[in-house]
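Summary of structural features
Below, each chain spelled out in residue letters.
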Amino acid sequence: MHVCVVGLGYVGLPAAALLAGAGLSVTGVDVNPVVLAALARGQVTIQEPGLPEVVATSVAAGQLCGAAAPVPADAFILAVPTPVRGLAHKRADLAAIEAAARAVAPLLRPGNLVVLESTAPPGTTERVLRPLLEQGSGLVAGQDFWLAHCPERVLPGRILDELVNTDRVIGGIDTGSAAAARDLYATFVRAGMFLTDATTAELVKLMENTNRDVNIALANEFALVAEHLGVNVWEAIDLANRHPRVQFLRPGPGVGGHCIAVDPWFVVNAAPGFTPLIAAGRAVNDGMPRHVADLVADALGGLSGRTVLALGLTYKADVDDLRESPAAGVITHLRHEGATVRTHDAMVEDGTPVADLAAGADCLLLLVDHAAYRDLEPVALAPRMARRLAVDTRNFLPLAPWTAAGFSVVRLGDGRGR
Ligand code: SAJ
C-alpha cells in the first residue's frame with residue numbers, strides 16, 4: 001500500500017515515519033525545500049525526541065521518500081497548517097488545506113482514501129474539502145473514494161509515543177469512509193479507535209483544546225486573584241488539586257503554540273452567539289503577556305533604561321517551536337516601554353551563554369521552564385548583574401538558592417509580601 005502524506009511538520013512527518021515503519025510505502029510532500037533536502041539525507045529539521053531515528057531508519061529502508069508535490073497513491077493524509085488570521089476577529093486560514101485538496105484531487109482514483117488530519121473548523125471536511133476533491137477528480141466521495149477526518153492529538157515532546165498509544169477519533173463522511181481510515185491507522189495505532197461522523201470529529205478535537213485553554217485561563221485568573229489577595233497561587237493550586245475532582249492546570253505568561261491558542265477561535269467563529277466563556281478564556285490568556293510586563297515594570301520601578309535578560313522564547317518547555325509564543329508578546333511590551341531586552345533560549349540558540357548575557361542586567365525574567373535552565377547558577381549570575389532581581393513566570397526557580405545568592409524573586413501569581 002502506498003500512502004502520500006501532504007505536509008511534513010510536527011504531525012505529518014512523524015505519521016509518515018510510523019506508516020513507513022509499519023511497512024507501507026510512504027511519500028512525504030512538503031513545499032519547503034529545506035525539509036525535503038533534509039529528508040533525502042534521512043534527516044529532520046524539527047526537534048522531537050525519537051523522530052530523527054525513525055525517519056533515518058525509514059528513509060534508509062527505502063520506505064519513506066520526499067516529493068515537492070503529491071503523487072498517485074492508495075491513501076492521502078493531509079497534515080497541513082490551519083493558522084488564524086486577524087486581530088479582533090480571528091478567522092481560520094484554510095488556504096493550505098485548499099491547496100492540498102486541489103493538488104490531490106486530479107490524482108484520485110476509485111477506491112482511494114483521503115484523510116484530513118489538520119485541525120479545522122467544524123464542517124471543513126464536508127463543506128470545503130469534499131467539494132474541492134469531487135470537482136477536481138470527477139469522482140463522488142463515499143461512492144468512488146473514501147473521505148474522513150482523523151484529527152491529530154499528539155503533544156509536542158511526546159509525539160511518537162502519543163501517535164501510537166493515544167486513542168483516535170475517526171470521523172467519516174459515511175461509515176465506509178470511517179472504516180477505511182480506521183484500517184489505515186490500525187497499521188501503527190495501538191490504542192482505541194472510535195468512529196463517528198466528520199463534523200463531530202472536528203468539534204471533538206476543538207473541544208479538547210478549548211477545554212485546556214479555558215482551564216489554563218482559570219488558573220491564570222486565579223494567579224491575578226492571588227496577587228491581589230496576597231496569596232501564593234502555586235501553593236493554593238497544589239492544595240485545591242488535592243480534591244479528588246479538581247484538576248487545575250498551571251498559570252503562566254500566556255498560552256502559545258499553534259493549537260491551544262488558535263483552536264478555540266474556530267469554535268467562537270462557528271457559534272459566536274453561544275461562546276462567551278470560550279472567548280473570555282482567550283482574552284484572559286492573551287492578557288497574560290501584558291501582566292508579566294507589568295510585573296517586571298513594578299519590580300524595577302519602571303522599564304525605561306533598564307536591561308532585562310529574558311530566558312525562554314519558545315511557546316513551552318523543551319520544544320524548539322516559536323509559534324504564537326507568549327514570550328514574544330512579553331518582550332515586545334518591555335521593549336516598547338523602554339527596556340533593553342536580551343534574549344536566550346536553551347532550545348533555539350546555542351550562542352552567548354546566559355552568564356555573559358547577565359552582565360549588567362537589571363532583571364532575569366524566566367519565561368519558559370526548559371529543563372536546561374535547572375542548571376542556572378544564581379551564585380555565578382549574582383555578581384554579574386547590575387541588580388539581583390529574578391521574575392519567574394513558571395514557578396520554576398528554586399527559592400532557597402536564589403535568595404541565598406542575594407536575589408529578590410518575584411513569582412507570577414505569588415502575592416505574598418507584596
Ligand atoms: N500551558 C500553561 N499551563 C499549563 C499547560 C500549558 O500555561 O498547565 C501553556 C504552555 O506553556 C503553552 C500552551 O499552554 O504555551 C500550550 O501547551 P500544551 O502543552 O498545553 O499544548 P500543545 O499546544 O503543545 O498541544 C496541545 C495538546 N492538546 C491537549 O492536551 C488537549 C495536544 O494533545 C494536541 O495534539 C495539540 O495541542 C494540537 O496539535 O492540537
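An account of the accompanying structure is given in this report.

About the thresholds
- Residues numbered from 1 in each chain as written.
- Predicted model: local features only at pLDDT ≥ 70, side-chain atom pairs only at ≥ 80, totals over all residues.
- Heavy atoms only, no water.
- Core = buried A, V, L, I, M, F, W, Y, C linked by side-chain atoms within 4.5 Å.
- Buried < 20%, exposed > 50% of the residue type's maximum accessible area, 1.4 Å probe, protein only.
- Helix = DSSP H or I, 4+ residues; strand = E, 2+ residues; numbered from the N terminus.
- Contact = heavy atoms within 4.5 Å.
- Phe/Tyr/Trp six-rings, centres within 6.5 Å; stacked < 30°, edge-to-face > 60°.
- Disulfide = S-S within 2.5 Å.

With that out of the way, let us pick up the nonpolar core. Judged by nonpolar contacts, the single largest core of 39 residues is most densely connected at Val3, Leu19, Val26, Ile77 and Leu184. Mapped onto this core, the elements with two or more residues apiece are strand S1 (2-6), helix H1 (12-21), helix H2 (33-40), helix H3 (51-60), strand S4 (75-78), strand S7 (113-116), helix H6 (159-165) and helix H7 (175-185). Of the residues forming this core, the biggest block, six residues, is contributed by H1. In this view, Val3 contacts Leu19, Leu24, Ser25, Val26, Thr27, Ala73, Ala75, Ile77 and Leu184; residues no more than four positions away in its chain are not counted. Membership of the second largest hydrophobic core comes to 28 residues, among which are Val6, Ala67, Leu107 and Leu147.

Throughout the structure, instances matching the rule amount to three aromatic pairs. Ring centres 5.7 Å apart and planes at 85 degrees place the aromatic pair Phe222 and Phe248 in the edge-to-face group. Taken together, the positions of Phe222 in helix H8 (residues 198-229) and Phe248 in the loop between helix H9 (233-240) and helix H10 (263-270) put the pair 26 residues apart, joining distant regions of the chain. Ring plane angle 65 degrees and centroid distance 4.8 Å describe the contact between Trp402 and Phe407, whose orientation is recorded as edge-to-face.

Our next topic: the state of the cysteines. All told, the structure shown has zero disulfides when counted by the stated rule. In this structure Cys4 is a free cysteine whose sulfur lies 9.1 Å from that of Cys65, the closest cysteine sulfur available.

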